[in-house]
Amino acid sequence: MLIVLEGLDGSGKSTQLALLRDWLLARGTEPVTIKLPDYGDDSSLLVRQYLAGRFGGRPGDVNAYAASLFYAADRYVNFKLKWAQAYEAGRVILADRYTTSNAYHQATKLPREEWPAFFAWLEDTEYGKLGIPKPDLVFYLDMPLRVSQALISARYRGDEAKRDIHEADCEYLARCREAAIAAAEAMGWIRIDCAQAVKENSEATCSPQAPEEIHERIRAYIGPRLAG
């Protein structure tokens with residue numbers, strides 16, 4: 001089984017991955033965890049150059065199809081060299097990002113009417129022609145942009161220079177959230193709301209939900225699949 005956690009930067013994917021791993025271990029299942037892109041491998045060189053702005057300082061400077069292929073190459077190498085054997089042996093694979101990330105990060109570069117065709121191209125290219133596994137479950141952790149941006153700033157301790165070209169472009173990230181919601185509906189992902197409304201001085205705001213509450217909702221989907 002391949003389970004993917006998706007979401008914009010700051011949505012809590014790494015935290016949820018760790019909670020899922022601990023839960024599975026407690027059930028007697030030792031999963032394989034992967035985080036993509038694989039920045040520690042040469043396979044991610046084009047991705048790293050792209051995010052560093054080597055091909056242009058804005059995400060749109062590299063078209064959706066070219067950028068998708070940068071990431072696809074990294075995923076293919078990562079699968080072949082690091083987890084294909086475990087997957088084929090029936091192990092549970094937990095992925096922090098996957099092909100599904102391209103669906104919304106790169107769709108933003110296209111007119112909305114072209115999104116369905118792009119989603120279909122992406123799945124055919126990676127799951128069909130490249131032959132990497134299609135996920136069994138995809139969870140999209142939906143966090144309002146204002147909340148996720150605050151979490152990113154906290155992660156970098158206010159050093160905004162550490163943001164890559166995606167993290168630094170709020171307009172782009174807002175479009176990504178719109179595309180992710182569309183992709184979730186079109187591609188059958190499970191959308192998990194990760195924020196809650198809070199009232200402060202009569203003004204409604206949003207704050208992140210407790211990680212344990214989010215984990216409990218994710219677990220409710222996975223448990224029956226494992227039991228089956």
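For the structure, check the block above.
Owing to the predicted nature of the structure, the values given are computational and were not obtained by experimental measurement.

Engineer: What am I meant to see in the pattern of salt bridges here?
Structural biologist: For side chains of opposite charge, pairing can occur when their charged atoms come near one another. Taken as a whole and judged by the stated rule, the model has 11 salt bridges. With a shortest N-O distance of 3.7 Å, Arg-97 and Glu-6 are connected by a salt bridge. Of the two residues, Arg-97 sits in the loop between β3 (93-96) and α4 (99-105) while Glu-6 sits in strand β1 (residues 2-6), which places them 91 residues apart along the sequence. Accessibility classification places Arg-97 together with Glu-6 in one group, the buried group. Taking the shortest distance from any N to any O, the salt bridge between Lys-129 and Asp-124 comes out at 2.4 Å. Given the relative accessible area of 64%, Lys-129 is considered exposed. Judged by relative accessible area, which is 38%, Asp-124 ranks as partly exposed. When salt bridges that share partners are traced, they join Glu-6, Asp-9 and Arg-97 into one network.

Engineer: When you look at the side chain of Asp-74 in this model, what are you seeing that I'm missing?
Structural biologist: Tracing the chain through its elements places Asp-74 in helix α3 (residues 64-88). Although Asp-74 is buried, it makes no salt bridge; Arg-75 carries the closest opposite charge, 6.2 Å away.

Engineer: So what exactly am I meant to see when it comes to the sheet that holds strand β2 (residues 32-35) here?
Structural biologist: Either a parallel or an antiparallel arrangement is found when strands of a sheet pair, and the pairing is made through backbone hydrogen bonds. Spatial ordering of the open sheet is given by β2-β3-β1-β4-β5, a layout of 5 strands whose pairing is parallel. For this open sheet the edge positions go to β2 and β5 (190-193), each flanked by a neighbour on one side alone. Averaged over neighbouring strand pairs, the angle between their axes works out to 20 degrees when direction is ignored. In this structure, strand β4 (residues 137-142) lies alongside β5, joined through 4 bridges in parallel fashion. Within β5, the position partnered with Leu-141 by the bridge is Ile-192. Running at roughly 170 degrees to β3, helix α1 (residues 13-26) makes contact with β1, β2, β3 and β4 of the sheet. Seen against the sheet, helix α7 (residues 170-187) touches β4 and β5 and runs at an angle of roughly 145 degrees to β4.

Engineer: I tried to follow α7 on my own but got confused; where do I start?
Structural biologist: Side chains of residues three or four places apart in an α-helix project in the same direction, reflecting 3.6 residues per turn. Helix length check: α7, at 18 residues, gives a terminal C-alpha distance of 25 Å against a target of 26 Å (1.5 Å per residue), a fit within 8%. Turning to α7, its buried residues are Tyr-172, Leu-173, Cys-176, Ala-179, Ala-180, Ala-182, Ala-183, Ala-184 and Met-187. In the stretch just after α7, Gly-188 is the one whose phi turns positive, near 75 degrees.

The rules we used
Residues numbered from 1 in each chain as written. Predicted model: local features only at pLDDT ≥ 70, side-chain atom pairs only at ≥ 80, totals over all residues. Heavy atoms only, no water. Salt bridge = Lys/Arg side-chain N within 4 Å of Asp/Glu carboxyl O. Helix = DSSP H or I, 4+ residues; strand = E, 2+ residues; numbered from the N terminus. Buried < 20%, exposed > 50% of the residue type's maximum accessible area, 1.4 Å probe, protein only. Lys, Arg positive; Asp, Glu negative; His and termini not counted. Pairing = 2+ DSSP bridges. Axes fitted to C-alpha atoms, helices over the stretch in contact; angles between N-to-C directions. Contact = heavy atoms within 4.5 Å. Expected span 1.5 Å × (residues − 1).

All we've got here are geometric facts, nothing functional implied.
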